[in-house]
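A closer look at the structure
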Amino acid sequence: MREAKLFDHCWQQAIDSLFRGESVFLFASEFCGKQTFQQYVRNSQELSTRKRMVCISNLRDTEPINYQEILNLFQVDEQLTTTNKVEFVNALESLIQKTPFLVLIANTFRSYKVVSTLVEILHEIILKYPNGNREYLTVLLTDDYSLYYYELQRRLTNEYSASWFFFKKIYVRQIADSSLINEELEEFFHNKQLAEELTSIVMNLSGGHQGIVAEAIDHLVTNWKSINFDLIARELGEYIATGRVMDSLRNELVNLNNAGLTYLYSFRTKRMIESDNGEQVKRWHTKGILAKSGDMYIGLCDGVVRELVINTYNSKVMGNKKKLILCIHGLNGSEETWSAFKALYESDSELKEAYDFDTYTFPTTMRWELNFFKATNPPIAQLAAGLRTEIETRFSPYGEISLVCHSLGGLVGRKMLLEHYLLQKHGVEMSEGFPKMEKIIMYATPNNGSGLANAAKYLTIRNRQVRQLCRKAEFLQELNEKWMQLGAHDHYKGWYVIGGKDQVVSPDSVAMYWGNSRCKTIIGVDHFDIVKPTDQKSLSYLLFKKILLEEN
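From a predicted model like this one, the values you see are computed outputs, not experimental measurements.

Turning our attention to helix α13 (residues 244-254). Looking only at α13, the buried set comprises V245, M246, L249, E252 and L253. The arc that holds the buried residues of α13, viewed along the axis, is 120°, so those residues lie on one side.

Turning our eyes to something else, we now look at the packing of helix α11 (residues 210-222) against α13. Two elements in contact, α11 and α13, have axes separated by 8 Å at closest approach and are oriented at 145°. For the pair formed by α11 and α13, the contact residues are G211, I212 and E215 on the first element and R244, V245 and M246 on the second.

With that out of the way, let us pick up the sheet that holds strand β9 (residues 323-328). Read from one edge of the open sheet, 6 strands run β10-β9-β11-β12-β13-β14, paired in parallel fashion. Two strands lie at the open edges of the sheet, namely β10 (355-360) and β14 (519-522), each paired on one side alone. Each strand of the sheet is rotated relative to its neighbour by a mean of 20°, with strand direction disregarded. Note that strand β11 (residues 400-406) and strand β12 (residues 436-443) share 7 bridges and pair parallel. Paired with C405 across the two strands is M442, which belongs to β12. Of the strands in this sheet, β9, β10 and β12 are in contact with helix α17 (residues 339-346), which crosses β10 at around 165°. This element, helix α19 (residues 380-393), spans β9, β10, β11 and β12 of the sheet and lies at about 145° to β10.

One broad trend across soluble globular proteins is that nonpolar side chains are buried collectively. Core analysis: the largest hydrophobic core is formed by 43 residues, its most contacted members being L220, L264, W284 and I289. Ranked by residues supplied to this core, first place goes to helix α10 (residues 192-206) with 7 residues. For W284, the contacting residues outside a window of four places in its chain are E252, L256, G260, Y263, L264, F267, I289 and L290. L411, L469, A473 and W483 belong to the second largest nonpolar core, which has 41 residues in total.

Rules behind the numbers
Residue positions within a chain follow its written sequence, with the count starting from 1. The predicted origin of the model limits local features to residues at a pLDDT of at least 70 and limits the giving and counting of side-chain atom pairs to 80 or more, whereas totals for whole chains, interfaces and linings rest on all residues. Only hydrogens and water are set aside; all other atoms, that is, all heavy atoms of the structure, feed into the side-chain values. A 1.4 Å probe rolled over the protein chains alone gives each residue an accessible area, and that area as a share of the maximum for its type sets the label: buried under 20%, exposed over 50%, partly exposed in between. Working definition: helices are DSSP H or I runs of at least four residues, strands are E runs of at least two. Numbering for both runs from the N terminus. Note that the arc is computed from the directions linking the helix axis to the C-beta atoms. Angles shown run from 0 to 180 degrees and are taken between the N-to-C directions of axes, each axis being a line fitted to C-alpha atoms and, for helices, limited to the stretch in contact. By definition, residues are in contact when any of their heavy atoms lie within 4.5 Å. Any two strands between which DSSP finds at least two bridges are classified as paired. Nonpolar core, defined: a set of buried Ala, Val, Leu, Ile, Met, Phe, Trp, Tyr and Cys residues in which side-chain atoms within 4.5 Å join the residues together.

Right, here's the structure in full:
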C-alpha cells in the first residue's frame with residue numbers, strides 16, 4: 001500500500017495525487033509528520049520509477065535566485081550562458097520532454113519572493129506541457145512556506161495569483177483522528193480491546209498532536225516486546241516527555257520572554273481566530289503548540305503540550321510567588337465589608353497556606369453631592385484604573401491574584417480585568433511583575449444594573465457611582481457587550497453568586513444572562529448577609545474556599 005505511516009487521510013490523498021500527476025500544495029504544520037512524509041516521498045521506489053525526483057530547499061529572499069544552481073539539481077551537464085529566467089525555462093522545458101520530473105520544494109519558510117518566482121515558472125511550464133497520457137512535470141510544495149505563502153498572498157492581495165490554482169490544495173490537520181490511530185494499532189496487535197486502550201492513552205497524553213502521536217505509535221510498534229503494558233501509560237508518558245518533539249517545544253518555550261510566554265499562556269482558553277493574530281501566533285500554530293478548534297477558534301493543544309506551557313509559565317514567569325485574595329467592597333462599603341471573611345480566613349490553615357488576604361478600598365458614599373466643583377464618588381472606570389495601579393505597585397510581588405467582590409466591587413473588578421485582557425489580546429507588553437489574574441468571584445453584583453439605583457439617582461444628586469448602577473446605564477451596556485463579545489467571559493474563571501433574599505439586586509442582574517452556567521445561588525441570604533458568613537460551614541465561605549483552591 002502506498003502510504004506514509006501517519007495518521008491523517010490527507011497524507012494518503014497527497015500521495016495519490018502525486019501518482020496521478022497532480023501538483024500538490026500541502027498545508028502541514030511542523031511536527032505533524034511533515035518530515036516523515038517528505039522522507040517517504042524521497043525514498044518511494046514506486047514514485048522514483050515513474051518520475052525523477054528533484055528536491056529544492058533552503059531558498060532565501062536575501063539572495064537572488066540562482067537559476068544555474070537550481071538547474072544543476074536536475075542532474076544535467078548543460079550550462080546556462082546567462083543566469084536569466086528565459087534560458088532557465090527553455091532548458092527545463094527541454095528536460096521534461098525527455099524525462100518526467102517530480103519537484104519537491106521544502107524548507108522554505110519566509111522565502112516568499114524567490115519561491116513565488118520559481119512557482120510561477122513551474123506553473124507556466126505545466127500549462128504548456130500538462131500531464132495526461134504522458135507526464136512531464138509535477139510539483140509538491142510543502143513545509144512551512146505553504147502556510148506562510150497562503151497567508152501572505154491573501155493578506156497582500158485578498159486573492160490568489162494564477163499559480164495558486166494549479167495546485168491541489170490539501171490541509172493536514174494538527175490533531176490526529178483517534179479512529180485512524182485505533183485502526184493502525186488494531187492492525188498491528190490484532191487485539192481490539194488493547195488497541196482501544198492504547199489509543200485512549202495516546203490521545204490523552206498527546207492531545208492528538210500529530211508529531212507526538214507519530215512518536216508514540218512508532219515506540220509501541222518498534223518496542224512492543226519489551227514494553228510493560230500494565231504500566232504503559234507511565235512508560236509512554238516518560239518516552240514522550242524525552243522525545244524529539246517535546247524537546248523542540250521545550251526549547252521554543254524557554255526562549256520566549258515573559259511577555260511572550262504570558263501571551264501564549266492566555267490561549268489555555270480557546271480564543272477566536274483573528275486576521276491580526278500576528279506572526280508569533282502563526283509560529284506557535286506551526287509548531288503545534290496552538291491548535292485550531294473548528295474554523296473559528298484556536299487554543300493550546302491538549303495533553304502534554306498544554307501541561308508543558310502551563311508548567312513553563314508557572315516556573316519562568318510566576319516563580320514560587322504566593323497568591324493573593326484581593327477583596328473589593330461595594331457602594332457605601334469599606335474594608336469592614338470583608339471582616340467576616342477575613343476572620344474565617346485567619347483560622348483556615350489550608351487557605352492561609354495558599355493565599356494572603358488584602359482589600360482594595362475607594363471613596364464611596366450614598367449621600368447627596370451638591371458641590372458642583374468637587375464630586376467625591378469617582379466613576380467605576382476610574383476605580384478600575386486605581387485598582388490596576390495598586391496591583392502593579394503594592395501587589396506586584398504576588399504571582400497570582402484572585403478578585404473577590406461585593407456588589408459594585410464586581411463591576412470595578414470586571415472593568416479592570418476587561419482592560420487587562422484587551423491589552424494582552426493586542427500584544428501590549430505587560431509590566432514585568434504583573435501577577436496572573438484569572439479568577440473573580442462576584443457576590444450580588446448588579447451586572448445588569450439595579451432598579452433601586454434608578455430610584456436612588458434622583459435622591460443622590462450627581463452621585464456618579466449610583467448613576468452607573470442604573471438599569472440600561474450606558475456604562476453597563478458597554479461593559480457587558482465587550483465582556484461577552486471580545487472573549488473576556490471565556491478567558492476568566494468568573495463566578496456570579498446570587499442571594500436568594502436579595503431585595504437590592506435581582507437574580508437576572510447578578511447572572512448577567514440567562515443560562516449562565518457559572519451562576520450560584522445561596523437561598524438564605526440577602527444583599528448584605530451574602531458577604532457576612534457566620535462560620536466556615538456557611539455557603540458563602542464554602543463557595544469562596546472551593547473556587548480559590550481548585551486548580552485552574
